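Remarks on the overall topology
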Amino acid sequence: MSHPRDVLLGSQAGSVQLPVCDHYSGVEVRMHKSLQLQAEMTQEFGTCVFDVTLDCEDGAPVGGEAEHAALVTELALSAAPEARVAVRVHPVDHPSFQPDMATIAGQAASRLTHIMVPKVESVADVQLAEQALMQAGAKDLALHVLIESPAAVHRAFDIAAHPRVQSLSFGLMDFVSAHGGAIPAHGMSGQGQFNHPLVVRAKLEIASACHAHGKVPSHCVVTEFNDTQAMRTAARRAAHELGYTRMWSIHPAQIRPILEAMAPDAAAIELASEIVLAAHAAQWAPIGYKGQLHDRASYRFFWQVLERAHSTGCSLPAEAQLFF
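What you are looking at is a predicted structure, and each value in this text was computed from that prediction instead of being measured.

Some thoughts on the overall build of the chain
Secondary structure summary: the chain contains 14 helices and 10 strands in total. For the C-alpha atoms alone, the extent of the chain along its principal axes is close to 65 × 45 × 35 Å. Burial status across the chain gives 52% buried among its 324 residues. Within the chain, contacts between residues at least 6 apart in sequence are counted, and of these 72% link residues at least 24 apart. Summing over all exposed atoms, the chain offers an accessible surface of approximately 14,300 Å²; the carbon and sulfur share of this is 53%. The distance from the centre of the 22 positive side-chain charges to the centre of the 33 negative ones in the chain is 4 Å.

Rendered as structure tokens:
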């Protein structure tokens, strides 16, 4: 009988599955530690639960951009075969953008999951990045983009529609500073970023644009990296109130709170398993379950709960585990 993924996922469902956490590091020792932590947690959870993005934009010292690009290329090439490694390059209008792409995509494309391009303002910027990938011989490498200005938020739907783009991230700090003081500093805090109307509106636009085109919305950073409860609360609100299915980590201590907040709870997993298994047995025809009618629209939802559970390393009932 056909697999749930083949039956249920179509134009009305996201076509991209990514780990729920994207962990950034740009200092050499921390990049090494991030890759090691990824390997350890992959063994612990039985699946890769976060991406490691090696950072050139903020990680490279001024004047040392070429050396830093060579370093992250070497790290990507030497990573374990099962590692999920990406690189954030410089913006398309930065002098180091083309050299970054030539070095990193040109040498390590086969080992990278994607390239993150910051400060994307329009589809034209995406096209420039795609051209750079093609010139580097990386014709199949995905792009992730950072939306960091009011104008970019306005164009988020067009950017998300580009076939090369896999995910949109929200750049909180640059977005707030782009308002010339009109948004107070509190709007950059773990709590304030969920209260200021302009910030919340931007987040909703980006999430909506991604879901409209089957892409992954990735939530911004929480800078209070020593406050585990603030991180857990922010990740939960991003997932449950704003529709984000992925979130940035800038410190190892933030990874597990993101996983916990983004993962379905045991009751949700049990319900999803029962409904998907019953639907599978009924060959995806409508069923009645505890007095409620379910059909392919709700089957799709519950299947996505199971996919999220699997991607976050949750335990699944044995029969549901067979789908994976």
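What about the layout of surface pockets?
The probe, sized like a water molecule, is rolled over the atoms to show the empty space still left. Counted as a void, the second largest pocket has a volume near 630 Å³. In terms of lining residues, the second largest pocket is bounded by 28 residues, among which Y24, S25, D55, R88 and I250 are the most central. Take the lining of the second largest pocket: its biggest share by element is 4 residues, from helix α2 (residues 28-45). The residue inventory of the lining of the second largest pocket, partitioned by class, reads 12 nonpolar, 7 polar and 9 charged.

Some words on the packing of α2 against helix α3 (residues 65-78)
Where α2 contacts α3, the two axes come as close as 11 Å, and the packing angle between them is 20°. Here α3 runs roughly parallel to α2, going by the angle between their axes. Where α2 crosses over α3, the two elements pack in a sense that is right-handed. Counted together, E28, M31, H32 and L35 of α2 and H68, L71, V72 and L75 of α3 form the full contact between these two elements. In terms of residue class, the contact of α2 with α3 is made up of 5 nonpolar, 2 polar and 1 charged.

Calculation criteria
Residues numbered from 1 in each chain as written. Predicted model: local features only at pLDDT ≥ 70, side-chain atom pairs only at ≥ 80, totals over all residues. Heavy atoms only, no water. Helix = DSSP H or I, 4+ residues; strand = E, 2+ residues; numbered from the N terminus. Buried < 20%, exposed > 50% of the residue type's maximum accessible area, 1.4 Å probe, protein only. Contact = heavy atoms within 4.5 Å. Areas by Shrake-Rupley, 256 points an atom, 1.4 Å probe, with all protein chains shown as cover. Lys, Arg positive; Asp, Glu negative; His and termini not counted. Charge placed at Lys NZ, Arg CZ, Asp CG, Glu CD. 1 Å grid on protein atoms, 1.4 Å probe; cavity = no way out; pocket = protein on both sides within 12 Å on 5 of 7 lines; lining within 4 Å. Points joined across faces, edges and corners; volume = space filled by probe spheres on them. Nonpolar A, V, L, I, M, F, W, Y, C, P; charged D, E, K, R; others polar. Axes fitted to C-alpha atoms, helices over the stretch in contact; angles between N-to-C directions. Parallel < 35°, antiparallel > 145°, perpendicular 65-115°, else oblique. Left-handed = near helix turned anticlockwise from the far one by under 90°.

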